[in-house]
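One letter stands for each residue in the lines below.
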Amino acid sequence: NLQESQPAVAVSDRELRVLIADDSIHNRMLLQAYLRSARYVVDIVENGAEAVRKVKDGQYDVVLMDMQMPVMDGYTAARTIRLWEASLNRSALPIIALTAHALSGDKNKCLEAGCTAYLAKPIKKDALFAVIAEHTHDAVPSAGAERPPSESDVTVRADPEYAELIAEFMQAMRSRPDTLAKALHARDYQVIRMLGHQMNGEGGTFGFDAISTFGAELEKAAYQEDD
C-alpha cells in the first residue's frame, strides 16, 4: 500500500547508496574520488529533473544536491522530492545541499526548499563524510591524514591524492575565456551566471582560490546584470 509509511532501512548492514546531482563534471569527479574509498554505491545525474526521477525510481540513503543546475535547479528538485514523499507518506530522504555560497542567504534558501543540511563549496572530504554520517547514522569513514602545509599551498592547496584530476580541470579551464567572451558579447546573463557559479565551486575545490574568487564576483555581477 503506497499510502503506508515505508519502513526505514538499517544502513549499517549494507553499503550506503549515494546520489550525486551536479552539472559540473569536475565536481562530480572529485566527489566520486572522495567516496570511492568508502563503502558507498554512487549514482550520478547532471540536473535536478534527473535527480527527482532517480529518487522516485531507486532507493537512496542520501542525495548530494548542487543547487545551481540547468533544466531544474536543486531548490526545485528538493521541493519536488519533498512533495512526492509527502504524497506517499514516506520518510524524508536526507538531501545535502552543495553550493558555492556566492550570495548571502543561501543556507536559509536551501533549508526552506527542503534540504536537510548544507555544505559550502569547496567541499572538504572530512566535512562531507561527517554530514553523511550525521544524517544516515552511519560510521564516519576515515578521510586520511591531513597533509602538512607547504610553500606551494600559498597558491594551490589541492590534495595530492587527487592530483590526477587537476590536469583535466586546467585543460577544461582553457575554453572558459572564449565561452565567457561570447556570453558577455550577447549579454547572456544566464550563461555568465552559470560559468561564474561553476568557476567559484570548481576553483576552490581544486585549490585555485583566484579562480574561485573571480567566479564568485562574476556570478554576483550576472545576478545584478552588471557588465
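Rules behind the numbers
Residues numbered from 1 in each chain as written. Predicted model: local features only at pLDDT ≥ 70, side-chain atom pairs only at ≥ 80, totals over all residues. Heavy atoms only, no water. Helix = DSSP H or I, 4+ residues; strand = E, 2+ residues; numbered from the N terminus. Buried < 20%, exposed > 50% of the residue type's maximum accessible area, 1.4 Å probe, protein only. Contact = heavy atoms within 4.5 Å. Areas by Shrake-Rupley, 256 points an atom, 1.4 Å probe, with all protein chains shown as cover. Polar contact = N/O pair within 3.5 Å; in protein donor to acceptor, adjacent residues only side chain to side chain. Salt bridge = Lys/Arg side-chain N within 4 Å of Asp/Glu carboxyl O. Axes fitted to C-alpha atoms, helices over the stretch in contact; angles between N-to-C directions. Parallel < 35°, antiparallel > 145°, perpendicular 65-115°, else oblique. Left-handed = near helix turned anticlockwise from the far one by under 90°. Nonpolar A, V, L, I, M, F, W, Y, C, P; charged D, E, K, R; others polar. Phe/Tyr/Trp six-rings, centres within 6.5 Å; stacked < 30°, edge-to-face > 60°. Lys NZ or Arg CZ within 6 Å of the ring centre and 35° of its normal. Pairing = 2+ DSSP bridges.

Enquirer: Explain the overall build of the protein chain here, please?
Expert: Within the protein chain one finds 9 helices and 5 strands. Here the protein chain, with 227 residues, has 48% of them falling under the buried criterion. Long-range pairs, those at least 24 residues apart, make up 64% of the contacts in the protein chain with a sequence separation of at least 6. Per element, the accessible surface of the protein chain, about 11700 Å² overall, is 51% carbon and sulfur.

Enquirer: Would you mind going over the side chain of arginine 82 with me for this structure?
Expert: Assignment of secondary structure puts arginine 82 in helix H3 (residues 74-88). Since its relative accessible area comes to 16%, arginine 82 is described here as buried. At 2.8 Å, the side chain of arginine 82 forms a polar contact with the backbone oxygen of glycine 114. Beyond its immediate chain neighbours, meaning those up to four positions away, arginine 82 contacts Ala92, Leu93, Ile95, Ala113, Gly114 and Thr116.

Enquirer: Is there a simple way to explain the pattern of salt bridges in this structure?
Expert: Close approach of charged atoms allows side chains of opposite charge to pair. Counted according to the given criterion, the structure contains 6 salt bridges. As a salt-bridge pair, lysine 121 and aspartate 22 come within 3.4 Å of each other at their nearest N and O atoms. In this pair, lysine 121 is assigned in the loop between strand S5 (117-120) and helix H5 (125-136) and aspartate 22 in the loop between strand S1 (16-21) and helix H1 (25-35), connecting sequence segments 99 residues apart. The pair formed by lysine 121 and aspartate 22 is uniform in burial state, with each residue classed as buried. For lysine 54, the salt bridge is made with aspartate 43, and the minimal N-O distance between the two is 4.0 Å. Here lysine 54, found in helix H2 (residues 48-57), pairs with aspartate 43, found in strand S2 (residues 40-45); they are 11 residues apart in sequence, far enough to count as distant. Salt bridges here are not isolated pairs; linked through shared partners, they connect Arg17, Asp43 and Lys54.

Enquirer: I would appreciate a short explanation of the packing of H1 against H5 in the present structure.
Expert: Geometry of a packed helix pair, given as the angle between the helix axes and the separation of the axes. Axis separation between H1 and H5 bottoms out at 10 Å; the angle between their running directions is 70°. By the angle class used here, H1 and H5 are roughly perpendicular. Two packed elements cross with a definite hand, and for H1 against H5 that hand is right-handed. Mapping the contact onto sequence places Leu31, Tyr34 and Leu35 in H1 and Lys125, Leu128, Phe129 and Ile132 in H5. A class-by-class count of the residues in the contact of H1 with H5 yields 6 nonpolar, no polar and 1 charged.

Enquirer: Looking at this structure, how should I read the packing of aromatic side chains?
Expert: Counted by the stated rule, this structure contains 1 aromatic pair. Ring plane angle 75° and centroid distance 6.1 Å describe the contact between tyrosine 40 and phenylalanine 129, whose orientation is recorded as edge-to-face. Taken together, the residues span a long stretch of sequence, with tyrosine 40 in strand S2 and phenylalanine 129 in helix H5 at a distance of 89 residues. With respect to class, tyrosine 40 is no different from phenylalanine 129; both count as buried. Over the face of the ring belonging to tyrosine 75 we find lysine 109, whose NZ or CZ atom lies 4.4 Å from the ring centre.

Enquirer: Got a minute to help me understand unusual backbone geometry in this structure?
Expert: In most cases, non-glycine residues show a negative phi, while peptide bonds are predominantly trans. Here the bond from lysine 121 into proline 122 is cis, since omega is 0°, no more than 30 degrees from zero. In this fold, proline 122 is placed in the loop between S5 and H5. Phi at asparagine 89 takes a positive value of approximately 60°, unusual for a residue other than glycine. Structurally, asparagine 89 can be placed in the loop between H3 and strand S4 (95-99). In the Ramachandran plot, arginine 187 falls in the positive-phi region, its phi being about 50° despite a non-glycine side chain.

Enquirer: Just checking my understanding: could you explain the sheet that holds S5 for this structure?
Expert: Across the sheet, which stays open at both edges, the 5 strands sit in the order S2-S1-S3-S4-S5 with parallel pairing between neighbours. Edge positions in the sheet fall to S2 and S5, since each has one partner strand and no second. Averaged over all pairs of adjacent strands, the angle between strand axes in this sheet comes to 20°, irrespective of strand direction. As paired strands, strand S3 (residues 62-66) and S4 are joined by 4 bridges and run parallel to one another. Bridge pairing links methionine 65 to alanine 97 in S4. Packing of H5 onto the sheet brings it into contact with S1, S2, S3, S4 and S5, and relative to S5 it is tilted by some 175°.

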